[in-house]
Amino acid sequence: MALINFLSAIANSTKDSSISSLVCLQSSAENNLDLMHKVLGFKIQRQLSSIPNGGTGVIVTAGFIPAGTVTSLYPGLLYQPHEPIFFQSLGNPFIFRCIDGLLIDGNDKGISRLLYKSCHGRDRLGPFSLCDASWLTNWPINPLAVGQYVNNHNKDFPANVAYQEFDLPFNFPFHLRQYLPNNFYSANVGDAGQQQRYTANVARRLSINIEGGGKESMTAQNKEEFAGRLDDNSYELETLACHVGQNPQQHHSRDIVAPISLSTTFALDEPQDHSRYRYTRVGNPTRNSLQECLAAIEGAKHAFVFSSGMAATLNIMFLLRAHDHVVCGADGYGGTYRFFAQCATRMAIETTFVDFADLEVFRKALRPNTKLVWLEPVSNPSTTVVDVGAVVQMTRNHAPHALIVADNTFLTPCLQKPLEYGVDIVLYSLTKYMNGMGSVPSPFDCFLVNRGLRTLPLRMLRHGDSALQVAQALEKNPRVSRVLYPGQWQESNLRIFTLAISLGGHESLAAMPCYMTHASVPTDELLALGITDNFVRLSVGLENPRDLIDDLEQAILKAECDEPREIMGIAVGGVSSPVRVWPAPPACVSKDKHQRI
């Protein structure tokens, strides 16, 4: 790991860890800047920002910073959400809020400075300090500890860096902690086993070599090492989906397509080797390629893939604590409803289910202890379109500490990017449109999803065009009572193809939500949402729309039904088997009298 190598170089260079003389401190800081250039390949310093009215900023004075590199650390004292920080926060522009509510006070002046120095003197183990306080001066021993002065972005200049939070591994070399610029406000927090939190600024785009006098150049080595890298802000989604995470330079064999890495464990140079890959559960080259690509097309800082959508849901729930409150869409994926209604309650987490189309009802559902808002921009199965921006704004106003999660499975980043509306986390079921093949992320499956992403924009266009034609044809069918369609054409209601649970693949399929995907939702709640036992969800695939329409018409004629059935088209895709027709249950029979799937 580059950071550990750099801190080790500082430890070898700095003989006296208790430097008190400002002359010695300045000399060591200047020496460590040269070490930074040698070990990390670049040099940074605090200077007046080149951005108008930007104040002090962090400037690359020499070297080369590739995208994805840690450029600086955000220093400061760590506060739990319940700890006193009111007076420190007054007029303080350096308060950083982590995703779990932890606060970092990066101010190097006033009461913030005094408190950090006090905690620095308090926490020691033998000759070693547990944190670095030199960042409070003009000559930090660790020159990376200037992250609070990084100008992130404004309306005229896009962000050069993204914030990345991480907890210090328990096996982090203890003697190197004295060069890290963070400490807990409470002495007993770290003792209770909580890992130390650090926030890094990670380069978002390629930074070219800068030599003396401000002249910009790129060496031949730089060009070879970083050939094929993409600036995520400079390319359209189609290009990013094809190339991000696929750089041949990252593989010894220079594979144009990322190879499938099936190894469980990886060779290390030494026991303390913190290489990128140690054990496949922690990091895998094929999985990382997919994660980099997903983050790029979503416009996100990071992406993580799991073995299933529900596994991803469970990991998000680990951000909550007992007695937290969740607000979730009542009209949503049945598995999500079942998890919050039946599983989360066992963790002492209460959930209120609301109709996000009624913002006043949503506002009243928010509480002081609401810590999570879970929405679907287009709901499953009734295709209700949610005003994501309005939900985000209302949440920030009435539950400012709540995380906002959007299950964007139906839309994909081709149609909407919830992060651009202020959502904190976006979740996808990769077995749907994103891949279109129905896999889950083993290394081989990650390879398949990576392959599927390359055709995602083209597939979404075809899905949408075919779904519109099918919906319009069904609207003209006198045997169809109503059509629901979430596009600009406002009437839709569909049926048939393969009877199966899924959507978003290359073949068309149909589902009856009340017996299949939403079987665990109580009958009265389904009826309130308009999901009856004659409600059908169609996922339109990539077949010729005329063939789909013909199949629907003949199937409706064959269906044994005493009254017109209600048909609904919800997304546009899914994995299915050969198309067939099933008998429709009588409308007068309660769904509870039928066997649930």
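Data block above holds the structure.
Presented here is an overview of the structure given in this document. All values derive from a computational prediction rather than experimental measurement.

Inspection of the secondary structure assignment puts Ala-511 in strand β20 (residues 509-511). Ala-511 gets classed as buried once you look at its relative accessible area, which sits at 0%. The spatial distance from the C-alpha of Ala-511 to the C-alpha of Arg-537 is 5.1 Å, given a sequence separation of 26 residues.

Take the nonpolar core next. Among the nonpolar cores identified, the biggest contains 44 residues, and Leu-294, Ile-297, Phe-356, Phe-362, Val-373 and Leu-453 are the most heavily contacted of them. Of all the secondary structure elements, the ones that give two or more residues to this core are α7 (237-243), α8 (285-298), α11 (359-365), β15 (370-375), α12 (388-398), β16 (403-407), α14 (443-453) and α15 (456-475). The dominant element in this core, judged by the number of residues it contributes, is α8, at 6 residues. Each of domain 2 (238-298) and domain 3 (319-429) accounts for three or more of the residues forming this core. Discounting residues that sit within four places of it in the chain, Phe-362 has contacts with Val-327, Val-354, Phe-356, Val-373, Val-391, Met-394 and Thr-395.

Glancing now at unusual backbone geometry. Of note, the bond from Asn-380 into Pro-381 is cis; its omega dihedral lies within 30 degrees of zero at 20°. Unlike most non-glycine residues, Thr-383 shows phi in positive territory, near 55°. Along the chain, Thr-383 falls in the loop between β15 and α12. The phi dihedral of Thr-412 falls on the positive side, at around 60°, and the residue is not glycine. Take Thr-412: it is sitting in helix α13 (residues 412-415). Take Thr-412: its relative accessible area is 0%, and that puts it in the buried class.

Here strand β13 (residues 325-329) lies mainly inside the structure; 5 of its 5 residues are buried. Burial of the side chains of β13 extends over both faces: His-325, Val-327 and Gly-329 are buried on one face and Val-326 and Cys-328 on the other. By the bridge criterion, 5 bridges tie β13 to strand β14 (residues 350-354) in an arrangement that is parallel. Considered in β14, the bridge of Val-327 is made with Thr-352. Taken together, β13, helix α10 (residues 334-343) and β14 constitute a β-α-β crossover, and its handedness is right-handed.

Conventions adopted
Residues numbered from 1 in each chain as written. Predicted model: local features only at pLDDT ≥ 70, side-chain atom pairs only at ≥ 80, totals over all residues. Heavy atoms only, no water. Helix = DSSP H or I, 4+ residues; strand = E, 2+ residues; numbered from the N terminus. Buried < 20%, exposed > 50% of the residue type's maximum accessible area, 1.4 Å probe, protein only. Core = buried A, V, L, I, M, F, W, Y, C linked by side-chain atoms within 4.5 Å. Domains from an automatic or database assignment. Contact = heavy atoms within 4.5 Å. Pairing = 2+ DSSP bridges. Right-handed = clockwise from strand over helix to strand, strands pointing away.

Function cannot be read off these values alone, since they describe shape.
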